[in-house]
Amino acid sequence: MPYLGSEDVVKELKKAMCNPHIQADRLRYRNVIQRVIRHMTQGLDMSGVFMEMVKASATIDIVQKKLVYLYMCTYAPLKPDLALLAINTLCKDCSDPNPMVRGLALRSMCSLRMPGVQEYIQQPILNGLRDKASYVRRVAVLGCAKMHNLHEDSEVDGTLVNELYSLLRDQDPIVVVNCLRSLEEILKHEGGVVINKPIAHHLLNRMSKLDQWGQGEVLNFLLRYQPRSEEELFDILNLLDGFLKSSSAGVVMGATKLFLALAKNFPHVQKDVLVRVKGPLLAACSSESRELCFAALCHVRQILHSLPGHFSRHYRKFFCCYSEPHYIKLQKVEVLCELVNDENVQQVLEELRGYCTDVSADFAQAAIFAIGGIARTYTEQCVQILTELLGLRQEHVTTAVVQTFRDLVWLCPQCAEAVCQALPGCAENIQDSEGKQALIWLLGVHGERIPNAPYVLEDFVENVKSETFPAVKMELLTALLRLFLSRPAECQDVLGRLVYYCIEEEKDMAVRDRGLFYYRLLLTGIDEVKQILCSPKSDPSLGLLEDQAEKPVNSWASDFNTLVPVYGKVRWATISNLQRAERRGPELPAPASFATSEPLIPEENKEQIQELSDAGALTLVPNHQITAEYFEKTWLRLKVAHQQVLPWQGAVHPDTLQVALQVVNIQTIAMSRAGARPWKAYLSAQDDSDCLFLAELLLGPDPSEMQVSVKQQEARTEALSSFISVLETVLGTIGDITS
Amino acid sequence: MIHSLFLINCSGDIFLEKHWKSVVSQSVCDYFFEAQEKAADIENVPPVISTPHHYLISIYRDKLFFVSVIQTEVPPLFVIEFLHRVADTFQDYFGECSEAAIKDNVVIVYELLEEMLDNGFPLATESNILKELIKPPTILRSVVNSITGSSNVGDTLPTGQLSNIPWRRAGVKYTNNEAYFDVIEEIDAIIDKSGSTVFAEIQGVIDACIKLSGMPDLSLSFMNPRLLDDVSFHPCIRFKRWESERVLSFIPPDGNFRLISYRVSSQNLVAIPVYVKHSISFKESSSCGRFDITIGPKQNMGKTIEGITVTVHMPKVLLNMNLTPTQGTYTFDPVTKVLTWDVGKITPQKLPSLKGLVNLQSGAPKPEENPSLNIQFKIQQLAISGLKVNRLDMYGEKYKPFKGVKYVTKAGKFQVRT
């Protein structure tokens, strides 16, 4: 960071460090170095004294060494040529008799992050892996990952990977966890570290020896392991049982996720686990750390999606304290809104009613919207509370209540009467766009029941010139036209004025266009207008959509203990898409030409396929395996659900096809040799609802036609058609390449 | 995992940064400041913020923000817990976790951060292992250091890793063998206008300070273990033994650690040790109001309640307060509108009260809601849940240790609505 006066500081420090008197006095020398570090940590550019610092590294004083190494790690990328000078000292320190010095030197050397350092650090790292002090081994293991990161494009070193896999059996628990972390980074492009049965069992047995961070991470890695038999699965669950009661909330959540994932075919086990972690979760919700509280509350909401009654008994825990920060209060209100039932509704509503007058406008509005949410089930009580709130005549309260009313009459038409009675008098307390739109909409749609509706709208029309929001003007046009249909006498004049204003004076194009549109519509005759504007006033069937049926636990188990519950699924998807796009932006590889070593499906197509499968709401599960016998049995049992002929050119390359299908998670069960006539292939895939797809590809005597037959375990036409389109895309792409 | 860490003070200065992988520019914190601006009150900054390239996960402790930069997706609880551990370590080393303490000891802070994380992964976080690697500063040691030029870095490696039990180092020796346990309970409660309990719960912990030679195997039993609802354990405790016999059996770590934490949540078991009589009213016409609160003991099992403080966030339209306490002192900050009354001890003969007049802004509408009172207090020698340690036995070693248990009850989030 450029900082006035930093040059002077650098000059002064440089002078001090060159001063032989200071160099001779260990204490003073160290003090100067400390000052350099202090400036560095405050973001000043201290790279000017690099040369002097390199000199200072040749010392027996560990503290001074630490400081200098710290300095070098920060500035080495800026001064790579000078940093090379320091490597000699570092290499020497790597064989120091004191393990602490060895570890320190190795760690610093691996963190230098400058080109060309790789050749120097390779040997020390290999030595470090076999060091007898566990401290050095820990550093060396992570050093492997750092070394790999320096040259991400370089080939993965097979011997190093093997060495790391063997170090998983190290007796030091942190070395074991570091091995996993390191392998995960090195093998990133191959899908990370592989957890097979021996490794999984080894890790499970070492779990109790690890610290909480290690436990958390190992639990995460174990998600990749799929037990072979039911017996093994329950053995694992038994082993992990204690971790559900760990004192660290992170470990508890990690263990819960693993339980949910392992028991995905045993809903009763999943339910049982959620009951068991209820206590720890509630404890985290009232933890001292507000951040922990927040994350736990997000997970509580997640669980409530599947088990609505799960926390109902503990509803009082989610009452807000005055001193809590907003983000916690907002989460708690959402939770309260979701766990309401017949027994506690009275108390919850009373509590929420108290929040509606909170000093913070945001929180008050959130509470009002929450009452609106509860109103979908307990309409009468809620509408009464909301109506009372209007009596407060406060701006932020009124606008939130009116918006809630708008949504409510749409979903629960039976409350329209009560709402219409409450509305008069609201207009003067609403200033913001959203609130005005809601009020105007209500007046337009239910105007015939509100005696003074035309006059309220007239007031709006009178002030339309000073109205700043175009959306309000458009809403006003529509509402007035609607009201004109039911109460023509009172509205004709006002409507005329408004349409005239919109066409002649309004500057906003959208408003003007709508004005013109209505004008022309009116010219065609009143019946046309009625046909277009009198859409249904409410649609209670939408209400069913709103309170969705309980989601199965499996639908969110994979998101548990990630950032998804914090953001909510939909928002998370946009955030992570944005990030992916940003990250990919500059380093997007040039469109691949189809050389032999390139992936067989160009990158873009791969995505297209995946997007396609997402769009069709069909997700094929990776790594699904069935045996040939099982395939045969099922194939014979089922009827052909779909048959189709696709154009095909040239010969088939079985390997190419197999790889391409693998990419979209379709497994090849059996396939004829290349060039065989007739050529056949049998494929299988499974989607996330466990529906099995079996397919046969047949290349008959006519090589320009590929016959595809698909069989499906459960008849679901949507899934079937998305599966076929996935298959078509793959075959189309392969066909294009081979021809 | 954790890419970088920034420490930010309340006025928005980044006063320390540390990077474990490549250097992330300070400008990433702009997203944090943006969120801070949006949140109005700085305490309300959401703990997870997403930026185009990173996620920022932050905690707020002792008026400092610990902002970590994350590049890959991680379990949020994991990072939050780790950041708290970092703050705990600072607290442990410097006695307080403040900007001044961190700036004074910036070199030790860096050494600690370097040992706690490598390549972004947690490494050594146990306080007794860290203390062997890097000795905490003491006044005496810094004087000695400045004379002899020696350092506060251990020359030998911690021996902890060599023992078979990862949380205990081998070859511990003490001349006085002692084992102390602190049973600390906090009451979280919301009391409504009429004095009835809306919600109450006890959060308890047992902290231990064990200074025993060799490899002692302890078992601790309670008079009434069924009280404990949800218990979470230090890894040293044998879980199976607790499940079957309700006895805590363990080989303890050396030094200070948290043995268990528990909750007692069935409401009829939670005693509320104080009551508040209050009458707070505002008049619309004369732009003034009355304020009168009295505190008294209730269900306090015959112990003295001490260290009482009452904090009230008064409504915004309040200008100032003119009050007289019968006991203790009060302050009112007209900017933040916070009233603090430092009461002290309750003597049942003469109940402490605070009463007087308040002035409102003239012309402003009278506040809709009465303020809530936040109350802090402390009761020595009492665990309000009634939990009692029965006995402590030691196996595996021959000597006779000195044993002690202390109980204390405190108010957690204790709130009275008016």
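Parameters and conventions
Residues numbered from 1 in each chain as written. Chains lettered and ligands numbered in written order. Predicted model: local features only at pLDDT ≥ 70, side-chain atom pairs only at ≥ 80, totals over all residues. Heavy atoms only, no water. UniProt positions renumbered as here; feature names shortened; annotations may be inferred. Phe/Tyr/Trp six-rings, centres within 6.5 Å; stacked < 30°, edge-to-face > 60°. Buried < 20%, exposed > 50% of the residue type's maximum accessible area, 1.4 Å probe, protein only. Patch = residues over 30% accessible without salt bridge, like charges linked within 9 Å, V, L, I, M, F, W, Y side chains within 5 Å. Areas by Shrake-Rupley, 256 points an atom, 1.4 Å probe, with all protein chains shown as cover. Salt bridge = Lys/Arg side-chain N within 4 Å of Asp/Glu carboxyl O. Lys, Arg positive; Asp, Glu negative; His and termini not counted. Charge placed at Lys NZ, Arg CZ, Asp CG, Glu CD. Helix = DSSP H or I, 4+ residues; strand = E, 2+ residues; numbered from the N terminus. Pairing = 2+ DSSP bridges. Axes fitted to C-alpha atoms, helices over the stretch in contact; angles between N-to-C directions. Core = buried A, V, L, I, M, F, W, Y, C linked by side-chain atoms within 4.5 Å. Contact = heavy atoms within 4.5 Å.

- As recorded in an unreviewed UniProt entry, chain B goes by AP-3 complex subunit mu-1 and comes from Echinops telfairi.
- Per its UniProt entry, chain B bears the Sequence similarities (unreviewed entry) comment "Belongs to the adaptor complexes medium subunit family."
- Here is the UniProt Subcellular location (unreviewed entry) comment for chain B, exactly as written: "Endomembrane system".

- The name an unreviewed UniProt entry gives chain A is AP complex subunit beta, with Echinops telfairi as the organism.
- Per its UniProt entry, chain A bears the Sequence similarities (unreviewed entry) comment "Belongs to the adaptor complexes large subunit family."
- What UniProt records for chain A under Subcellular location (unreviewed entry) is the sentence "Endomembrane system".

1. Concerning the packing of aromatic side chains
1) Next: Scanning all chains against the criterion turns up 26 aromatic pairs over all chains.
2) Next: Ring centres of F311 of chain A and F318 of chain A lie 6.2 Å apart, and the angle between their planes is 85 degrees; this geometry places the pair in the edge-to-face category.
3) Next: Ring geometry for F233 of chain B against F239 of chain B: centres 5.8 Å apart, planes inclined by 65 degrees, an arrangement best described as edge-to-face.
4) Next: Residue F239 of chain B is classed as buried on the basis of its relative accessible area of 15%.
5) Next: Taken together, the ring pairs connect F32, F33, Y60 and F65 of chain B into an aromatic cluster.

2. Focus: a positive patch on the surface
1) Next: A grouping of K277, K283, R290 and K355 of chain B is seen on the molecular surface, where their side chains present a positively charged patch.
2) Next: With respect to the helices and strands, K283 of chain B occurs in strand β14 (residues 274-283).

3. A closer look at the sheet that holds strand β12 (residues 247-250) of chain B
Residue and element names in this part refer to chain B.
1) Next: Sheet architecture is open: 3 strands sit in the order β12-β10-β22, paired in antiparallel fashion. Edge strands, defined here as strands with exactly one partner in the open sheet, are β12 and β22 (389-395). Adjacent strand axes in the sheet meet at a mean angle of 15 degrees, parallel and antiparallel pairs treated alike.
2) Next: As judged from the 6 bridges shared by strand β10 (residues 217-222) and β22, these two strands associate in the antiparallel manner. Note that in β22 the partner of L218 across the bridge is M394.

4. Some details on the pattern of salt bridges
1) Next: In this structure the tally under the stated criterion is 38 salt bridges over all chains.
2) Next: Here E163 of chain A makes a salt bridge to R130 of chain A, at a shortest N to O gap of 3.3 Å. In this pair, E163 of chain A is assigned in helix α10 (residues 158-167) and R130 of chain A in the loop between α8 (118-129) and α9 (134-150), connecting sequence segments 33 residues apart.
3) Next: Residue E417 of chain A pairs with R449 of chain A through a salt bridge whose shortest N-O separation is 3.1 Å. On the criterion of sequence distance, the pair formed by E417 of chain A in helix α24 (residues 416-422) and R449 of chain A in the loop between α25 (433-445) and α26 (453-462) is long-range, its members being 32 residues apart.
4) Next: Here the residues in one salt-bridge network are R107 of chain A together with K18, E114 and E115 of chain B, joined through shared partners.

5. Quick notes on the nonpolar core
1) Next: Counting 263 residues, the largest nonpolar core has M46, Y71, F318 and F405 of chain A together with F66 and F90 of chain B as the members making the most contacts within it.
2) Next: Per-element tally for this core: the top contributor is helix α2 (residues 76-94) of chain B, with 11 residues.
3) Next: The contacts of M46 of chain A, once residues within four sequence positions are left out, are V9, V10, L13, V36, H39, M40, Y71 and Y75 of chain A.
4) Next: Listed in part, the 72 residues of the second largest apolar core include A189, I206, I260 and V389 of chain B.

6. Some remarks on unusual backbone geometry
All names here are of chain A.
1) Next: For N561, which is not glycine, the phi dihedral falls at a positive 60 degrees.
2) Next: Inspection of the secondary structure assignment puts N561 in the loop between α32 (554-557) and α33 (564-567).
3) Next: With relative accessibility at 6%, the residue N561 sits in the buried group.

7. Quick word on the environment of L90 of chain A
Residue and element names in this part refer to chain A.
1) Next: Turning to its location among the elements, L90 is positioned in helix α6 (residues 80-93).
2) Next: Here L90 falls in the buried class, since its relative accessible area comes to 1%.
3) Next: Each C-alpha atom, one on L90 and one on S57, is 8.6 Å from the other, the two residues being 33 residues apart in sequence.
4) Next: When residues no more than four places from it in sequence are discounted, the contact partners of L90 are Y69, A105, S108, M109 and L112.

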